[in-house]
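Each chain, written out:
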Amino acid sequence: MACTNENAKLIHKYLDEEMTLLEKKKLESHLVTCSICERHLRELRKTVAIIQSASHIEAPKSFTDSVMSRLPAQPRRNKWKT
Amino acid sequence: MDAVVKKIIIEVKKGDQQAFSELVELYKDKVYQVAYRMLGNVHEAQDVAQEAFIRAYVNLDSYDVNRKFSTWLFRIATNLAIDRIRKKKPDFHLEDQVAGTEDLTYYSQLASDEELPEDQVVQLEMQEWIQDEIMILPPKYRSAIILKYMEDLSLKEISEILSLPVATVKTRIHRGREALRKRLKNE
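What you see is a predicted model; the values in this text were computed from it and never measured.

Calculation criteria
Numbers given for residues are sequential positions, taken from 1 along each chain in its written order. By the order in which they are written, chains take letters starting at A while ligands take numbers starting at 1. Whole-chain, interface and lining totals are the exception, using all residues; otherwise, since this is a predicted model, local features are given only for residues with pLDDT of at least 70 and side-chain atom pairs are given and counted only at 80 or more. Any residue pair is listed as a contact if its two C-beta atoms, each placed from the backbone, are within 7 Å. By definition, any uninterrupted DSSP run of H or I lasting at least four residues is a helix, any uninterrupted run of E lasting at least two residues is a strand, and each is numbered from the N terminus. Put simply, Ala, Val, Leu, Ile, Met, Phe, Trp, Tyr, Cys and Pro go in the nonpolar bin, Asp, Glu, Lys and Arg in the charged bin, and everything else, Gly too, in the polar bin. Every angle, taken between N-to-C directions, lies between 0 and 180 degrees, and every axis is a line fitted to C-alpha atoms, over only the stretch in contact when it is a helix. An angle counts as roughly parallel when it lies under 35 degrees, as roughly antiparallel when it exceeds 145, as roughly perpendicular when it falls between 65 and 115, and as oblique in every other case. By convention, the crossing between two helices is left-handed when the near helix turns anticlockwise from the far helix through less than a right angle, and right-handed when the turn is clockwise. For this analysis, nonpolar core means a set of buried Ala, Val, Leu, Ile, Met, Phe, Trp, Tyr and Cys residues linked through C-beta atoms within 7 Å. A residue is called partly exposed when the number of other C-beta atoms within 10 Å of its own lies between 12 and 20, exposed at 12 or fewer, and buried at 20 or more, with C-beta atoms placed from the backbone.

Q: What exactly am I supposed to notice about the interface of chain B and chain A here?
A: Buried accessible area, meaning the area lost when the parts come together, often serves as the stated size of an interface. Across the contact, 31 residues belong to chain B and 29 residues belong to chain A. Mapped onto the side of chain B that touches chain A, the elements with two or more residues apiece are helix 2 (20–39), helix 3 (42–58), helix 6 (118–136), helix 7 (139–150) and helix 9 (166–184) of chain B. Sort the elements by how many residues they give to the side of chain B that touches chain A and helix 2 of chain B lands first, with nine residues. The residue makeup of the side of chain B that touches chain A, split by class, is 17 nonpolar, seven polar and seven charged.

Structural data, given as structure tokens:
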């Protein structure tokens, strides 16, 4: 955990690249001196990298045919609505 | 919106049911991926993803053509997946047994087909482990994390899909990241 809740919030903001240059500089200088916050940021970066390393998944081959065979003959349309 | 998608939708609305298969082809992998990541089970993922397309077809008249079709489709799919999770686990807790671990997963199905070289086995185990970690997240954080990091969607798009303010989406992503960090930091 970061050294304070406030710094934990700032670390997330930093990670999302939503900081002004000044806020960024301020946090970066804190990170140099605070190993707790520095580790927190490192762990979050690693977490994101792990999640992003998940492979892309493809639908089964028969997917489109299955959907098409299950479609109702006529979509329920409100005929009076144009 | 994408002109090709718009054209297909107009065709379908005119009554050309077959044209709908082009929409399914375009979006099936993305919709299936969201369903699988949310549910962690190939059978349920297929069920929910197919149902999402059927509902999209039936309700196509209520789709606003000026908005992004994929956003609308993802919204249908994530709502169906969340409904499915609610029915399965009415009182979901972090410490509950991981849903789907006893079940057939995408990767275990792949792995059983043939003997794989060592590095591929390691890769499959890694992939199963990531999915298990995703499944441990409470569904409201799970959906935000999946849409952000697995579908690479913008916060604005995620907020439209989940019908939540952008600020709430951010909070959910932050909390999801924290929950995952606590479990993954020693890996």
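Picking up after the structure, the text goes on.
Q: Please clarify how the packing of helix 4 (residues 63–70) of chain A against helix 3 of chain B should be interpreted in this entry.
A: Relative placement of two packed helices is described by the angle separating their axes and the distance separating the axes. The contact between helix 4 of chain A and helix 3 of chain B brings their axes to 10 Å, and the two run at 45°. In terms of their interaxial angle, helix 4 of chain A and helix 3 of chain B are classed as oblique. As helix 4 of chain A runs across helix 3 of chain B, the sense of the crossing is right-handed. Only Q50, F53 and I54 of chain B of helix 3 of chain B make contact with helix 4 of chain A, whose side of the interface consists of S66, V67 and R70 of chain A. Taken together, the residues of the contact of helix 4 of chain A with helix 3 of chain B sort by class into three nonpolar, two polar and one charged.

Q: Which parts of the structure should I look at to understand the nonpolar core?
A: The nonpolar side chains of a soluble globular protein tend to be buried with one another. A35, A52 and A77 of chain B are the most contacted members of the largest nonpolar core, which totals 53 residues. Ranked by the residues each element gives to this core, the list is headed by helix 2 of chain B, at 11 residues. When residues no more than four places from it in sequence are discounted, the contact partners of A77 of chain B are V31, V34, A35, V48, A49 and A52 of chain B. Of all hydrophobic cores here, the second largest spans six residues; its members include L10, I11, L31 and C37 of chain A.

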